[in-house]
Amino acid sequence: MRDLEDQILVQRALQADPESFGELCRRYYDSLVAIANSILPDHQLAEDAAQEALAAACRDLAKLKKPERFGPWIGAICRNVARDMLRQLRKHQEPVEAHTGNQPDCEEDEREAILDQALQQLPQHLREVIYLRFYNEMSYEQIAKVLGATEQMIDGRIRRAKKKIAVYLKRKGFRR
Amino acid sequence: MKQENDNQWLDPVLEQYIHREPEQFDFDKWAENYPEEARMLRNGIEHSSRSEKTKPYKIWRFIMESKVTRYSAAAVIVLAMAVLLSPFGTPGNGGVVLADVQQKIADTETMIIRGTKTFMRTGKDDEVIEINGLRCEFDLVKYSSKQLGLVEEGSVDGKLIYRITFNRPKRQAVLVLPPWKKYGAMAATDEQMRLMENLSPEGIINMLLAGDHKKLGRDKIDGVEVEGFEFQQPDLFVELFPKPIFDIQTLEGRAWIGIEEQLPIWVEGDFFFGKSLLTLFNEVRLHEVNVVDKYDVELDDRIFDTDVPEGYTEFGLSDILPFIPTEAKAGAAAMGIIPAGLVFWRRRRKKKL
């Protein structure tokens with residue numbers, strides 16, 4: 001049903017109906033921020049990436065061959081935008097980080113640093129489902145929609161991701 | 001079991017670390033940050049040429065790089081563009097009148113347009129270009145059909161000089177030059193068809209709407225009350241072609257819309273072209289006047305026929321070369337526009353003679 005609605009919204013957006021595109025943006029914005037946040041280190045940057053992904057989608061909307069697959073399509077765009085931003089970020093930040101380092105300076109920071117490392121050691125496709133699941137309490141159905149996967153696949157990925165995180169945190173002596 | 005146990009402590013940890021309150025996406029703010037994209041959405045992405053901006057370049061690559069390239073095909077494409085790029089539509093900012101005009105044009109099935117097309121050298125007032133004794137000052141008739149395509153006939157002193165036909169159902173473009181019994185033809189690919197569609201009267205209007213304009217006030221043409229608009233240099237025209245091929249520098253136009261009819265009555269425009277292959281390396285000003293003769297009349301299918309008359313031969317690069325100034329040929333060859341071998345071979349042959 002949601003696929004059909006997306007299809008109609010895409011078709012309307014193509015025919016001079018900005019509000020339809022606005023509705024598509026509202027539907028997917030949070031998912032896009034979550035996807036971008038699973039790649040980028042900063043929430044603000046993730047929002048920028050999501051907005052840029054929406055602009056890129058707008059420019060290329062006429063090329064979308066299956067409008068009912070808008071969700072996975074814009075998800076992929078967002079992933080690429082975020083990766084590009086990360087590349088740029090690394091280019092500019094590496095020399096600074098080499099000098100300053102990133103040493104945690106209190107217990108809370110240390111916990112967060114370990115958690116961050118636990119997430120970073122995950123393969124991207126597993127990290128992404130974790131962010132989608134916990135960023136905005138998305139249902140498996142919603143996650144499946146934006147990733148173009150089945151709910152069973154999402155369930156499997158979340159289980160594997162959590163298992164890896166738990167093992168890592170325990171190994172690092174993470175205090176529950 | 002173990003996984004369930006882990007979930008008990010891990011879920012709250014992850015939620016605390018990752019969770020954020022849902023944010024309301026502000027579409028208006030996004031549109032402010034991305035004005036070009038917002039404009040595309042308002043104009044309709046299917047009809048917007050921005051997303052098509054790269055397509056002319058792709059077409060040029062197709063024409064110039066293909067092993068089966070024929071220069072006649074290149075000329076047909078360019079002339080078809082020139083026909084379609086004429087100041088056919090009307091500019092505006094979506095005001096009450098223009099919004100209706102845009103819709104009416106979109107709803108109009110057929111049109112017959114008459115007018116003139118004059119090619120002049122820039123910097124030399126009113127000096128009409130002559131090629132082999134032919135003054136490039138044409139009387140025009142255009143037939144436009146939403147279903148069948150577009151035809152432009154150019155005549156001098158009642159004698160037909162060129163006729164270009166863009167047949168939409170057949171996806172063909174044909175240029176015939178009766179005085180020389182020459183023709184050029186090409187079949188359009190899907191991509192080229194989409195580009196052509198973009199350059200339909202409706203597409204042209206959408207492009208013009210993207211440009212700057214000002215109101216000229218009310219006037220009367222042949223007793224018909226009209227409102228005038230002036231428009232200048234929509235970027236989309238200017239960036240339509242690679243400059244070495246076709247350098248559209250500026251466009252100025254005026255359109256008068258019938259108040260009652262809500263349709264263009266008189267449209268005139270001036271294109272300024274820099275030195276490029278398509279202007280035979282001259283700086284050229286094209287002044288065109290289009291007067292809409294009839295709307296929604298029945299047009300015979302045969303008008304859009306693309307059959308080439310008997311006895312015509314296809315024109316090629318050798319037909320164009322004599323008109324290119326010698327000094328421009330080397331530059332054109334260096335840019336890869338025309339084969340260097342052909343230029344220099346011809347120069348050597350000339351010396352022997």
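All residue numbers refer to position in the chain's written sequence, counted from 1. Note on labels: chains are lettered from A, ligands numbered from 1, in written order. Totals for whole chains, interfaces and linings use every residue, but because this is a predicted model, local features are given only for residues with pLDDT of at least 70 and side-chain atom pairs only at 80 or more, for both listing and counting.

## A closer look at the interface of chain B and chain A
Thinking step 1. Remark: residues whose backbone-derived C-beta atoms lie within 7 Å of one another are considered to be in contact. On the side of chain A, 32 residues touch chain B, which itself brings 29 residues to the contact.
Thinking step 2. Every helix listed is a DSSP run of H or I at least four residues long, and every strand listed is a run of E at least two residues long, numbered separately from the N terminus. Elements with a contribution of two residues or more to the side of chain B that touches chain A: α1 (2–18), α2 (27–33) and α3 (35–43) of chain B.
Thinking step 3. Each residue is assigned to one class: nonpolar for Ala, Val, Leu, Ile, Met, Phe, Trp, Tyr, Cys and Pro, charged for Asp, Glu, Lys and Arg, and polar for all the others, Gly among them. Within the side of chain B that touches chain A, the residues separate by chemical class into 15 nonpolar, 7 polar and 7 charged.

## Examining the environment of Val81(A)
All names here are of chain A.
Thinking step 1. For Val81, the location among the structural elements is in helix α4 (residues 70–100).
Thinking step 2. Exposure classification rests on a simple neighbour count of other C-beta atoms within 10 Å of a residue's own: a residue reaching 20 or more is buried, one at 12 or fewer is exposed, and one in between is partly exposed. C-beta atoms are placed from the backbone. Taking the C-beta count within 10 Å as the criterion, Val81 has 25 such neighbours and is therefore assigned buried.
Thinking step 3. Spatially, the C-alpha atoms of Val81 and Ala49 are 6.0 Å apart, while their sequence positions differ by 32 residues.

## Side note on unusual backbone geometry
Backbone phi values are negative for most residues with the exception of glycine, while trans is the configuration of most peptide bonds.
Thinking step 1. For Ala16(A), which is not glycine, the phi torsion reads 60° and is therefore positive.
Thinking step 2. Position of Ala16(A) among the secondary structure elements: in the loop between α1 (2–14) and α2 (18–37).
Thinking step 3. Here the phi dihedral of Lys181(B) falls at roughly 50°; this positive angle occurs in a residue that is not glycine.
Thinking step 4. Tracing the chain through its elements places Lys181(B) in the loop between β7 (172–177) and β8 (182–187).

## What about the pairing of strand β13 (residues 284–295) of chain B?
Residue and element names in this part refer to chain B.
Thinking step 1. Summarising the sheet, strand β1 (residues 110–121) and β13 pair through 11 bridges and their orientation is antiparallel. By the bridge assignment, Met111 is partnered in β13 with Tyr295.
Thinking step 2. Judged from the 8 bridges that link them, strand β12 (residues 264–273) and β13 form a sheet pairing that is antiparallel. Residue Gly269 lies in a different strand from β13, and its bridge partner there is Glu288. At least two bridges found by DSSP between two strands are what make those strands a pair.

## A closer look at the confidence of the model for chain A
Keep in mind that low pLDDT regions are not for reading the predicted coordinates in detail.
Thinking step 1. The share of residues in chain A with pLDDT of 70 or more is 89%, and the mean pLDDT across the chain is 85.
Thinking step 2. Under a pLDDT of 50 for its full length, residues 96–101 of chain A has, in the predicted model, 1 contact with residues more than four places off or in other chains. On a range of 0 to 100, pLDDT expresses the predictor's confidence in each residue.

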